[in-house]
Each structure stands twice: as structure tokens, then as C-alpha cells.
Amino acid sequence: MRFSRSKFPLSFGVVTLALLAGALLAIGYSNHPIWWTTWLAPAPALAAVLISPQRTRTVVGLVIGLFAGALSLSYRIETGSVSAAVFIAIAYAIAWSSTLKLAATVAVRMNAVMAALILPVSWAAIDTLLIQFSPHGSIGSLAYSQGRILAVQQLASLGGVPLITFVILLPGSAAGLALAYLSGEKSIRLVPQANTLAVVTSIAAIMFGLVRLNTDPLPTGHVVVMIAADGNSPARRDWRDFIETYGAALDRAARPGATVVLPEKILRVDETGMRQARRALSALAGERSATIVIGVEVDDGRIITNNALALLPDGTASNYVKQHLVPGLEAELTPGSRDLLIGSPAPGTGIAICKDMHFPTLARRYAFEGAKAMLVPAYDFDVDADMMMRVAAIRGIEGGFAVARTARDGMAALSDPYGRIIDKRRSGAQVGELVGQLPAALNSPPLYVLIGDVFGWICVVAWLAIAIGIRLARKTGSAVTT
């Protein structure tokens, strides 16, 4: 098929490719992604920009970027605000437009091999910057579109979320250059070589994942019981309501040697109420030789904090304060600043709360500190239940530990250090219970724990260098070739 650019500023083919690319990306960015859409999306996106007249390339890129965020807009409004959702949508549209235009420029001025790397490098770089500086952490990365593809997820053990993003965008980018070449962009050189690079890289990445997953099953040990209900409304979260909602289930779950994890914010108390809860739950944990972790919001009259109260079998209590708060929705809360490792059910058990698990930096830090498992009270938004479960599982791949995450309006799930979901249960109106055994941690930490986002930062430097180099070449009027 050949798309002519001579008669119309934007041909039917260009519009069709742009809309297809936007639709594929929108599915990849959604809470219910289809994994292959993100592998394919760069092909029509890059082809549409390349076969467009140069003066319209920015507009075509913006259209693709705006459509890419269409399915996520209502979710971003629900979890933030209209203004924040619109800002994010526009930012992503600009980012897609600029990266696609940069890839097209490199294709014409340099060659297809370099051009095929632009989208993977650029979006791996963007992921890295978001991980470090965004209040939402890594959420919004296309890497999470691979949440059901375990072999691809294993790349997180090497280079985290940025490496996954790099690999899944490379084949589509190379295919897009080939499509543009076949459609009349004969100035693009080294197209076969670019596609060979993409195929070899993809096969190598998938083989790495399959080999890593082909290991003996990890031993399991300590019993973990995750209980949750969608009730227990924000207006009624005092001690009496907690006992009414969770009392019977907690009494059953707190068996000798068990670890019980309850959701985030199922109690809201003042300092006096916190002491009451600590005494009562400590007594239960000591009496049953159990470990109990419960989400408690505490208003001491000065500040409000989101806590995970951990009650240990020896009758002692430890408290973790959520470090990463939801912008807007948790504006009244004060964040914590310290990690928490407890000695039960085993030494090196880490505690985090919901959004904390959106941050690879926190998971990596916990792994450095010796975490062998993470217990995570959470509170989801119903529609994102499956996605948030899989985000937490990828933190386990990065850190080499198991994750037991319990959410209301979400999913209770147990995952191993390879991101495999051992068991899961959707929360409902009535209190439900999921019982499992915590898988052991890996004997040695993944490479990502040791080197962090080195790959991502390399991509940041490369992205900036190419962008600056192209701009300088335009100013001097010189052609960049390689």
C-alpha cells in the first residue's frame, strides 16, 4: 500500500494509521490492557508521522498522543482531579508528538537503526524521570501493559520498568520504519538492519524471561491470611465499626503462627483510639502467637497520618507511616519518611501501604535493607484492582521478594519473587478471606537491586544527546549521517 502526500496535507492513510496507533496505545495504557497492543502501536504511529508532510508531523503526533490517553482520562479524574487529568493527558500527548517527530527526523537524517531506537530510548528515559520525580512514581508506564506476560516481566529484574518499556517499543518502531519505506519514504536507509535488531532483541529478551522462570518452585512457609471487605465506609471507621465489620473474621484468621493482613484505612482514630486499638490487637496477637497488620488513619489533632500498625506475637507493636500519598485525595495527610522491617513472620518482613508500591525506588531500598517479603495493606478504586495487583507483583520481581497485598475495593493477592500470582481474591460487600503461604525470597538479589536504574539513566543521557544534536544540526543547516 502506498500513501500519497502530494495531493492532501493529511491523507486518508495517515489519518487511519494515526487513529489506529492512538487506539492501540489507549488499550495499552488502560487498566485492562491487552499486551500485544503496545508491541504493535509504534508501527502505525511512526509510519503516520513519517509519511505526513513535515509541517503536519507535530499535529499527527499530538492526535496520536491525545487518543492514547482517552481510555485513562476518567480514571485519572476519579483518582485525582479534572485539572490534573487534563494536564497529564496533554503532557503525554506532547511527549508522544515530540518523540515520534524526533524518530522521524532521525530516520531521514541518519538511518533506520538509529531511528528504531528513538521511541524505546525516549520512553525508557521518560519512565526513569517519572520514577524519580513524579508523585505517581512509575504508574502510567507502558511496561505495566505486560502484567500478564511473565517472560517479559522478568526484564524488571535487570533494568526495572524502563527496560521493559524499551523492549516492547522496539519491534513496533522498526516495523513502522519498514511500513513508511514501503509507502514511499525511500530516503530511509538500513531498514532491514533495524528490523533484524528488533527481532534479535525481542527473542533474546523473551528467552531470558523463559530461562529465568524455568526454575524449581520456591519453598513456601509461613501462613498468611488476607481479609477484606468493600464496606467499612469512610464515614464509619471507628473501633466499634471495625469490630462489627472485621471482628469475627479476624478472630478466625488469627490462628497460631499465622500472619493476618487487613486493608488500608479501615480504622480512623485519634491518639486515644490508636492506643486502644494497639492494646486490643497486641493482646490478640500475643494470645494467638500471630502477626497482625492493619491500616489505620490517625488524627492526633495536629497532623493526620496513614499508618500500617503491625502487632507481633511477642505482644509488641510497630508502626509504619505511608510515605507516598495520593496527590489530591490525600492532601490532608502527612507522609512518613522511614521504612519498616519487622521480625515476624520471619526476619526481613517489610511493610508498605498501597501507593508506596508504585515506586521502584522504595522496593529496591527495602531489598537493600534485607526485605524477604512485603506485607501491603491497600485501598483501590475497584476498576484498577487487577492492575494494582500486578504493579505490586513487579515490585517483587525487582526486589526478589514475595508480596502479600490486601485491598478493599480491589484484590487480595499473593505473588512470588518472579511475579507469579500464587492466589488472588476479589473483595466484595461481605468480608472475604484468602489463605496462602509466603514463598521464600531469592537466594541472591536481582541485578536491579544492585544497579538500580542505570539502564534508564543511560537512556536519559542518550535521549538528550540525540535531541540536542538534531537541534544543533538544524541550526547549522548540516546533515547528520551515520
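Coordinates for the structure precede this section.
Everything numeric in this text was worked out from a predicted model, so none of it was measured. (Residues numbered from 1 in each chain as written. Predicted model: local features only at pLDDT ≥ 70, side-chain atom pairs only at ≥ 80, totals over all residues. Heavy atoms only, no water.)

**Student:** In this structure, what is going on with the overall build of the protein chain? I would like to understand it.
**Tutor:** The secondary structure content of the protein chain amounts to 16 helices and 13 strands. What you see for the protein chain is a C-alpha radius of gyration of 24 Å, in line with the 23 Å of a compact globule of 482 residues. For the protein chain, the computed accessible surface area is about 19100 Å², with 63% contributed by carbon and sulfur atoms. Considering the protein chain, the positive charge centre built from 41 side chains and the negative charge centre built from 32 side chains are found 13 Å apart. (Helix = DSSP H or I, 4+ residues; strand = E, 2+ residues; numbered from the N terminus. Rg over C-alpha atoms; globule rule 2.2 N^0.38 Å. Areas by Shrake-Rupley, 256 points an atom, 1.4 Å probe, with all protein chains shown as cover. Lys, Arg positive; Asp, Glu negative; His and termini not counted. Charge placed at Lys NZ, Arg CZ, Asp CG, Glu CD.)

**Student:** Honestly, the environment of Ala-367 in this entry has me stumped. Any pointers?
**Tutor:** The topology assignment puts Ala-367 in helix 13 (residues 360–368). Remark: the alpha-carbon pair of Ala-367 and Val-167, spanning 200 residues in sequence, is separated by 25 Å.

**Student:** When you look at the nonpolar core in this model, what are you seeing that I'm missing?
**Tutor:** Considering soluble globular proteins, one finds that nonpolar side chains tend to be buried as a cluster. Counting residues in each nonpolar core, the largest one holds 74 residues, and the members touching the most others are Ile-64, Trp-96, Trp-123 and Leu-177. If we skip the residues at most four places from it in the chain, Trp-123 touches Tyr-29, Tyr-92, Ala-95, Trp-96, Thr-99, Thr-165 and Leu-169. Grouped together as the second largest cluster of nonpolar side chains are 37 residues, Ala-308, Ile-353, Ala-363 and Val-403 included. (Core = buried A, V, L, I, M, F, W, Y, C linked by side-chain atoms within 4.5 Å. Buried < 20%, exposed > 50% of the residue type's maximum accessible area, 1.4 Å probe, protein only. Contact = heavy atoms within 4.5 Å.)

**Student:** Where do I start with the pattern of salt bridges in this structure?
**Tutor:** Two side chains carrying opposite charge are able to pair once their charged atoms lie near each other. All chains considered together, the criterion is met by 18 salt bridges. Here Lys-265 ties to Glu-330 by a salt bridge, and the two come within 2.7 Å at their closest N and O atoms. In this pair, Lys-265 is assigned in the loop between strand 2 (259–261) and strand 3 (267–269) and Glu-330 in the loop between strand 6 (317–321) and strand 7 (340–342), connecting sequence segments 65 residues apart. Both residues of the pair, Lys-265 and Glu-330, count as buried. The salt bridge partner of Arg-302 is Asp-300, with a shortest N-O separation of 3.0 Å. Judged by relative accessible area, Arg-302 falls into the exposed class, the value being 67%. Here the salt bridges share partners, and the residues they tie into one network are Glu-264, Lys-265, Arg-268, Glu-297, Asp-299, Lys-322, Glu-330 and Glu-332. (Salt bridge = Lys/Arg side-chain N within 4 Å of Asp/Glu carboxyl O.)

**Student:** What am I meant to see in the packing of helix 1 (residues 12–29) against helix 4 (residues 57–68) here?
**Tutor:** Packed helix pairs are specified by the crossing angle of their axes together with the interaxial distance, meaning the distance between the axes. It is the contact of helix 1 with helix 4, at a shortest axis distance of 7 Å, that shows an interaxial angle of 35 degrees. As for how helix 1 packs across helix 4, the hand of that crossing is right-handed. Only Val-60, Val-63, Ile-64, Phe-67 and Ala-68 of helix 4 make contact with helix 1, whose side of the interface consists of Val-14, Ala-18, Leu-19, Ala-21, Gly-22, Leu-25, Ala-26 and Tyr-29. Classifying every residue of the contact of helix 1 with helix 4 by side-chain character gives twelve nonpolar, one polar and no charged. (Axes fitted to C-alpha atoms, helices over the stretch in contact; angles between N-to-C directions. Left-handed = near helix turned anticlockwise from the far one by under 90°. Nonpolar A, V, L, I, M, F, W, Y, C, P; charged D, E, K, R; others polar.)

**Student:** Would you explain the packing of aromatic side chains in this entry?
**Tutor:** Think of a pair of aromatic rings as described by two things: how far the centres are apart, and how the planes are tilted against each other in angle. On inspection of all chains with the given rule, the structure shows eight aromatic pairs. Note on Tyr-75 and Phe-381: the rings are 6.5 Å apart at their centroids and 90 degrees apart in plane angle, and the pair reads as edge-to-face. Residue Tyr-75 is located in helix 5 (residues 73–79), and its partner Phe-381 is located in the loop between strand 9 (373–379) and helix 14 (385–399); the two are separated by 306 residues in the primary sequence. Exposure remark for Phe-381: the relative accessible area of 25% places this residue in the partly exposed category. In textbook terms, an aromatic cluster arises when at least three aromatic residues are bridged by ring pairs, as seen for Tyr-29, Tyr-92, Trp-96 and Trp-123. Note that Arg-76 overlies the ring of Tyr-92, its terminal NZ or CZ placed 5.2 Å from the centroid. Cation over ring: Arg-408 sits above Tyr-379, and NZ or CZ is 3.8 Å from the ring centre. (Phe/Tyr/Trp six-rings, centres within 6.5 Å; stacked < 30°, edge-to-face > 60°. Lys NZ or Arg CZ within 6 Å of the ring centre and 35° of its normal.)

**Student:** Sorry, what's going on with the side chain of Thr-349 here?
**Tutor:** By secondary structure assignment, the location of Thr-349 is in strand 8 (residues 349–351). Residue classification places Thr-349 among the buried positions, given a relative accessible area of 3%. Here Ala-346 takes part through its backbone oxygen, which lies 2.7 Å from a polar atom of the side chain of Thr-349. Among residues more than four places away in sequence, those in contact with Thr-349 are Leu-340, Leu-341, Ile-342, Ser-344, Ala-373 and Leu-375. (Polar contact = N/O pair within 3.5 Å; in protein donor to acceptor, adjacent residues only side chain to side chain.)

**Student:** Looking at this structure, how should I read a nonpolar patch on the surface?
**Tutor:** Together, Leu-73, Ile-77, Val-82, Val-86, Ile-90 and Ile-94 make up an exposed nonpolar region whose accessible area comes to about 470 Å². Elements with a minimum of two residues in the nonpolar patch: helix 5 and helix 6 (82–109). Here the nonpolar patch gets four residues from one element, more than from any other, and that element is helix 6. Turning to its location among the elements, Ile-94 is positioned in helix 6. (Patch = residues over 30% accessible without salt bridge, like charges linked within 9 Å, V, L, I, M, F, W, Y side chains within 5 Å.)

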